[in-house]
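What the coordinates show
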Amino acid sequence: MKKIRLRFAVWVVLSGMFVFPQQERFRRSPPPPEPLQELKLPRIERAVLTDQLTVSIVTRENAPFSSLQLIIFAGESLSPNVPAGTATFIASLLGRGTLVRSVSDVEEFLDSIGGAFSVSVGQDHVLLTFHFMEEYLDPALGFLSQVLLQPNFTRAEIDYAKFTTTYNLLAKEKDPDFVARRHLSRMLFQNHPYEKIAFSSDAIKAWNPTSLADFFDRFYRPNNARIIFTGSLSLNVATRKISQYLNLWQPRDLPPIALPPLKVPEKERVCLVDVPQSRECMAYVGTVFPTPGNSERFDLAVLNQVLGGTPTSRLFMNLRESKAFANFAYSEAEFYRAGGVFLVRAKVRPEAIAPALQEIRKEIRTLTKEPASSLEIEQAKSYLIFNFPLQIERYDEFSRRMAENQARNDGEEFWSRYYEQVMLVNADRVFATAQKLLGQPLILVIAGDKSVLSERLTDVETYDVFDAKGQFQYTVTKDKKGAAHEAR
Amino acid sequence: MFNHDQIRTRVGISLGLVLVFAAPLLLGQFGPNFPLTYARLKNGLVVILSEDPTLPVVSVAVAYNVGSVHEPFGKAGLATIMENLMFRGSANVAPFQHFNFINRVGGELSASTSEDRTIFYQTVPSNQLAMVLWLESDRMRFLEINEGAFDRARLALLDDLLQKKSEPYYDSQLSFDQLIYSDFAHSHPVLGTEENVRNLTVEDARNFYAGYYAPNNAVLCITGNFNKLSVRELVVRYFETIPRGKDVSQSFEPLVYTRQPVIKTFQDVLASAPAFHMGFRIAPPFSNDFYTLSIVDYILFRGRSSRLNRRLLGRDNKIAYEASGGIERRKDRAIYRIFCVVNNMAMAERCQEAIFAELDRLKRTVLSGPDLVRTKTMFKRDYLERLSSSMERALFLCESFLTLRNFDDVPLELDKYMKVTANDIVGILNRYFTADNSIILNVKTK
């Protein structure tokens, strides 16, 4: 018996050597981390110019690129009801040419300064992003001045913008992700000014020069704007240069803006949006919440991290890694002036849509019934803390993040006390946030080929069907025997 | 000036038992000033260090000098399967735990396989550098390739292939590759072919790993915030005892072809609109002509104001739905490749005529000073963009080591592009961008 044991022991040792020859002891487990280094965030300096334009500067020595972000506090929610989409309309024209530079001149100019100019439209603000090689600061500011003071809103440009926006929108209406997201916005923001961001191609037909000029004239003003500049430049030099190039930009009294708070959906609703012949299927699940305080923002961030912030969060691990129902499943929170949206976004295999929805619901419900373990909360916090410097490493990411903070009026504290605020979050706070937020009625939107998906939605009692433009078609209701009935 | 082998000799002499890094290089006039040191361990692993203390972040890239060009005949897809297997567990790291280790500390990671290299890279908080080196060394030394892991990796690749095969123009692209690259090594797709992938065995993967995933066929690059002294100890600790592998041949049969135009037709059942692929065989990567060719690429297709963008996609005279072009490198070969989607075959012909007309115009008229400056500014911007984060810099340095004839030239590289003259451009256009050096594959719809 002893011999057998000895042989066995020798065999174990030898086979171990054969599989992992000469393995040193230190290889067997991960090394402990070094002490965490302090994150020294660059200082934000601020000045208000005589025209009431606020300028924030972040100096980054020896940076080959400069980055200028101009926030105009006039997003889609301030567009008139008719025509909706005016903020987007203006954005599509800005930077495409000015009264003194043709479109092709602008293209050549931007290439000549190593520049990139883009405009994005949000609910509450428009963000003009302008990156360029740092040696071209003067021409870049000259160009910005032309964009703001001499925009090209001629009939030819307007017609071209309408044509290209319509064309792009029609192309996007074949994409289940776009269609589902837009529909979720319509459902969550019903009768709220935020609903306007989900405008359809019909709204574009109503775009006209008068509404455009009126919107631009009212809101594109220095006292309704903020510049965030990142580059190797001091505050003094930056303010002097900006004053010099934008000295003709005049402030104007702004109309008072009153946005009602977002309304929580009264009951759960399932919507199926038809994207004919689409091979893909997107599922969105969302709800709204009132404007959170600073600490609540961090509770929400940790909750999001636990549920679906990354590929190691619950949704991804369950829907993709464990059940293989989805290519991906994430969650995210968005913050606006009048509140916020929390949503789950999953690219689901069409044949697995029913169990995938069940699993998404289950994951959401679980967080409202059982607090996440302390370990999970600490892991989520670790991720948020340690990942933060990675998010601001690139100059353009850094300036984008800065601009978002400034646009939301997050304040210095949000930026400078980020680590501290995350550290203060605990399992109880996350649980309370989950109960408050995820215990509300949810809106579920599925976008894909209706002919494939409707056969799979066997366990959904009632759902509304819409076409790709978002027009209501009919309601499907299942009777006790499971037979589906359509009602228009 | 010395080549790769000489680096080994030069640095190796000074190594003895302790790793000694070469003196810091400072990038030159056009580059950002970042420190750069490199050395080769006794087992042949090249180690590149570039410090940047701005943020508490560090990136680690391990690039293996292997890609689809190294796959034996009939084994297409092996390099991609190996990339997948590298995440399926090693002696001390369970399958997919590499992801979890990185993700839990807020890090980010990825990997890529191309025709000529396979790179694994991650960025983590700087206090986690040791963990990343532990992870990377474990899979370099002790990767577990068993039947189960291999089958799952193969299934994943077959899934990817299925997805790829459902994309319009993919088959035509492969057909064009066969036309322009004459040998198996360069012409077969990185993802492989379904037939080849199905026939691969776990033994193929083990042999491939043993042959190419060795320290003497790899570059380890660490960029970002690290302690200069401890990083050297860590590198030695985790990598120096990994045994050297067999020396790998990196040379391929020289390309022999006759200069005569080739025009063929391909029917793509998935294409919704006609299209064409056009290619010109050009000088090999980082030969003397390659610098001018890179600037020519910017003149032709980079930026909104580039010549062919305007000629084919201009707002008032648009003749193609889509048009793109650029230099494609596959190890020791390069081509200039253009792809256009058009309304009908007559428009395809018109586009091709427009391309040749624009090339002729460029050959006849020396590029103006402002045009050349603008082109170089765009090039410089994109070049410097590649150094914008620690991860991008790590990838850039790995790439530079594997492709440049002389890594010591890194600080001088940007300068070489900036010195290209308008006359150089005319010469290059006349040498390579000619009808008799062109290969065209017209793609018809069903």
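Residues numbered from 1 in each chain as written. Chains lettered and ligands numbered in written order. Predicted model: local features only at pLDDT ≥ 70, side-chain atom pairs only at ≥ 80, totals over all residues.

1. Concerning the overall build of chain A
Note the cut-off: Numbering of helices and strands runs from the N terminus; a helix is a DSSP stretch of H or I covering at least four residues, while a strand is a stretch of E covering at least two. Remark: C-beta atoms are placed from the backbone, and a residue is labelled buried if 20 or more other C-beta atoms sit within 10 Å of its own, exposed if 12 or fewer do, or partly exposed between those counts. The contact criterion used is a C-beta to C-beta distance within 7 Å, with each C-beta placed from the backbone.
When its secondary structure is counted, chain A shows 18 helices and 14 strands. If one aligns the C-alpha atoms of chain A with their principal axes, the spans along those axes are about 95 × 65 × 40 Å. Out of the 488 residues in chain A, the part that is buried amounts to 43%. Within chain A, residue pairs in contact and separated by at least 24 positions form 77% of the contacts whose partners lie at least 6 positions apart.

2. Digging into the overall build of chain B
Convention followed: The atom set for the radius of gyration is the C-alpha atoms, and the globule formula is 2.2 Å times the number of residues raised to the power 0.38.
Along the backbone of chain B there are 17 helices and twelve strands. In terms of overall dimensions, chain B is globule-like: its C-alpha atoms have a radius of gyration of 23 Å, near the 22 Å expected for 446 residues. Projecting the C-alpha coordinates of chain B onto the three principal axes gives extents of approximately 65 × 50 × 40 Å. Counting over 446 residues, chain B shows a buried share of 48%. Considering only residue pairs separated by 6 or more positions, chain B has 80% of its internal contacts joining residues 24 or more positions apart.

3. Quick look at the sheet that holds strand β12 (residues 438-445) of chain B
All names here are of chain B. For clarity, the cut-off: For two strands to count as paired, DSSP must find a minimum of two bridges between them. In this description, a line fitted to the C-alpha atoms serves as the axis of each element, helices being fitted only across the stretch in contact, and the angle between N-to-C directions of two axes falls anywhere from 0 to 180 degrees.
The five strands lie next to each other as β8-β12-β9-β11-β10, forming an open sheet whose pairing is mixed. The open sheet is flanked by β8 (262-268) and β10 (322-330), the only strands paired with a single partner. Across the sheet, the axes of successive neighbouring strands diverge by a mean angle of 20 degrees, strand direction being ignored. Most of the contacts of helix α11 (residues 288-301) go to β10, to which it runs at about 170 degrees, and overall it touches β9 (275-282) and β10.

4. Brief notes about unusual backbone geometry
All names here are of chain A. For the bond running from valine 82 to proline 83, omega is -5 degrees, close enough to zero to count as cis. Structurally, proline 83 is set in the loop between β3 (65-72) and α2 (86-93). One non-glycine residue, glutamine 277, lies in the positive phi region at around 65 degrees. As for its position among the elements, glutamine 277 is in the loop between β7 (269-274) and β8 (281-289).

5. Describing the sheet that holds strand β1 (residues 44-48) of chain A
Residue and element names in this part refer to chain A. Strand order across the open sheet formed by six strands is β1-β2-β6-β3-β5-β4, with mixed pairing between neighbours. Two strands lie at the open edges of the sheet, namely β1 and β4 (116-121), each paired on one side alone. Strand-to-strand twist in this sheet, taken as the mean axis angle between neighbours without regard to direction, amounts to 15 degrees. Summarising the sheet, β1 and strand β2 (residues 54-59) pair through five bridges and their orientation is antiparallel. Residue pairing for β2: isoleucine 44 is matched across the bridge by valine 58.

6. A short note on the pairing of β7 of chain A
All names here are of chain A. Note that β7 and strand β11 (residues 443-448) share six bridges and pair parallel. Its bridge partner lying in β11, arginine 269 is registered against isoleucine 443. Two elements, β7 and strand β12 (residues 462-466), share three bridges in a ladder whose sense is parallel. Looking across to β12, one finds that valine 273 is bridged to phenylalanine 466.

7. Regarding the domain arrangement of chain B
Residue and element names in this part refer to chain B. Rules: Start and end positions for the domains come from either an automated domain assignment or a database one.
Each assigned domain of chain B is listed with its residue range as follows: domain 1 (4-239) and domain 2 (262-445). Each of domain 1 and domain 2 has a C-alpha centre, and the two are 28 Å apart. Counting residues at the interface gives 44 residues for domain 1, matched by 37 residues for domain 2. The set of elements that each furnish at least two residues to the side of domain 1 that touches domain 2 consists of β1 (25-26), β2 (35-40), β3 (46-51), β4 (57-64), β6 (118-125), α6 (170-180) and β7 (218-224).

8. Details of α6 of chain B
Since the α-helix advances by 3.6 residues per turn, residues separated by three or four positions end up pointing in the same direction. Residue and element names in this part refer to chain B. Keep this limit in mind: Think of the arc as the fan of directions from the helix axis to the C-beta atoms.
All of the buried residues in α6 are Ser172, Phe176, Asp177 and Ile180. Each buried residue of α6 lies within a common arc of 150 degrees when the element is viewed along its axis, so the set occupies one face. Tucked into the core, α6 has its buried residues touching α7 (184-187), β8, β9, β11 (333-341) and β12.

9. Let's talk about the domain arrangement of chain A
Residue and element names in this part refer to chain A. Inclusion rule: The residue classification treats Ala, Val, Leu, Ile, Met, Phe, Trp, Tyr, Cys and Pro as nonpolar and Asp, Glu, Lys and Arg as charged. All others, Gly included, are polar.
By domain assignment, chain A separates into domain 1 (44-245) and domain 2 (269-487). Each of domain 1 and domain 2 was reduced to a C-alpha centroid, and the two centroids are 29 Å apart. Contact residues are listed per partner, giving 32 residues for domain 1 and 34 residues for domain 2. Among the secondary structure elements, those contributing two or more residues to the side of domain 1 that touches domain 2 are β2, β3, β5 (126-133), α6 (176-188) and β6 (225-231). Per-element accounting of the side of domain 1 that touches domain 2 gives the leading share, eleven residues, to α6. The residue inventory of the side of domain 1 that touches domain 2, partitioned by class, reads 14 nonpolar, nine polar and nine charged.

10. Points about the interface of chain A and chain B
Taken together, the contacts link 38 residues of chain A with 41 residues of chain B. Counting only elements with at least two residues in the side of chain A that touches chain B, the list comes to α3 (103-112) and α13 (374-391) of chain A. With eight residues, α13 of chain A is the largest single contributor of residues to the side of chain A that touches chain B. Per-class residue counts for the side of chain A that touches chain B are 19 nonpolar, ten polar and nine charged.

11. Considering the nonpolar core
What counts here: Defined on buried residues, the nonpolar core groups Ala, Val, Leu, Ile, Met, Phe, Trp, Tyr and Cys residues joined through C-beta atoms within 7 Å.
Ranked by size, the top nonpolar core spans 215 residues in total, and within it Ala283 and Val445 of chain A carry the most contacts. Apart from residues no more than four positions distant in its own chain, valine 445 of chain A is found in contact with Ala180, His183, Leu184, Met187, Cys271, Val273 and Tyr284 of chain A. Grouped together as the second largest cluster of nonpolar side chains are 48 residues, Ile180, Phe276, Leu367 and Tyr432 of chain B included.

12. Focus on the confidence of the model for chain B
Definition in use: The pLDDT value tells you how sure the predictor is about a given residue, anywhere from 0 up to 100.
The pLDDT averaged across chain B works out to 90; a share of 93% of its residues lies at or above 70. Across residues 1-31 of chain B the pLDDT falls below 50, and counting only partners more than four positions away or on other chains, this stretch makes 53 contacts in the model.

13. Things to note about the packing of α2 of chain A against helix α5 (residues 155-172) of chain A
All names here are of chain A. Defined as follows: If an angle is under 35 degrees, it is roughly parallel; if it is over 145, roughly antiparallel; if it lies from 65 to 115, roughly perpendicular; otherwise it is oblique. By convention the crossing between two helices is left-handed if the near helix lies anticlockwise of the far one by an angle smaller than a right angle, and right-handed if it lies clockwise.
As a packed pair, α2 and α5 sit with axes 10 Å apart at the nearest point and diverge in direction by 110 degrees. With respect to α5, the element α2 is oriented roughly perpendicular. Taken as a pair, α2 and α5 cross one another with a handedness that is right-handed. Facing α2, whose interface residues are Phe89, Ser92 and Leu93, α5 presents Glu157, Ala161 and Thr165. Within the contact of α2 with α5, the residues separate by chemical class into three nonpolar, two polar and one charged.

14. Some words on the pairing of β6 of chain B
Residue and element names in this part refer to chain B. Across the eight residues that make up β6, a large majority, eight, are buried. Strand direction decides the pairing type here: β4 and β6, joined by eight bridges, are antiparallel. Across the sheet, residue valine 62 finds its bridge partner in β6, namely phenylalanine 120. Sheet topology note: the strand β5 (residues 108-113)/β6 ladder contains six bridges and is antiparallel. Looking at the pairing, glutamate 108 lines up with threonine 123 of β6.

15. Concerning the packing of helix α10 (residues 294-307) of chain A against α13 of chain A
Any two packed helices are characterised by the angle at which their axes cross and by the distance between the axes. Residue and element names in this part refer to chain A. One way to put it is that α10 packs onto α13 with a least axis distance of 9 Å and a crossing angle of 105 degrees. When the axes of α10 and α13 are compared, the pair comes out roughly perpendicular. For the pair formed by α10 and α13, the contact residues are Ala301, Val302, Gln305 and Val306 on the first element and Glu376, Ile377, Ala380, Lys381, Tyr383 and Leu384 on the second. Taken together, the residues that form the contact of α10 with α13 break down as seven nonpolar, one polar and two charged.

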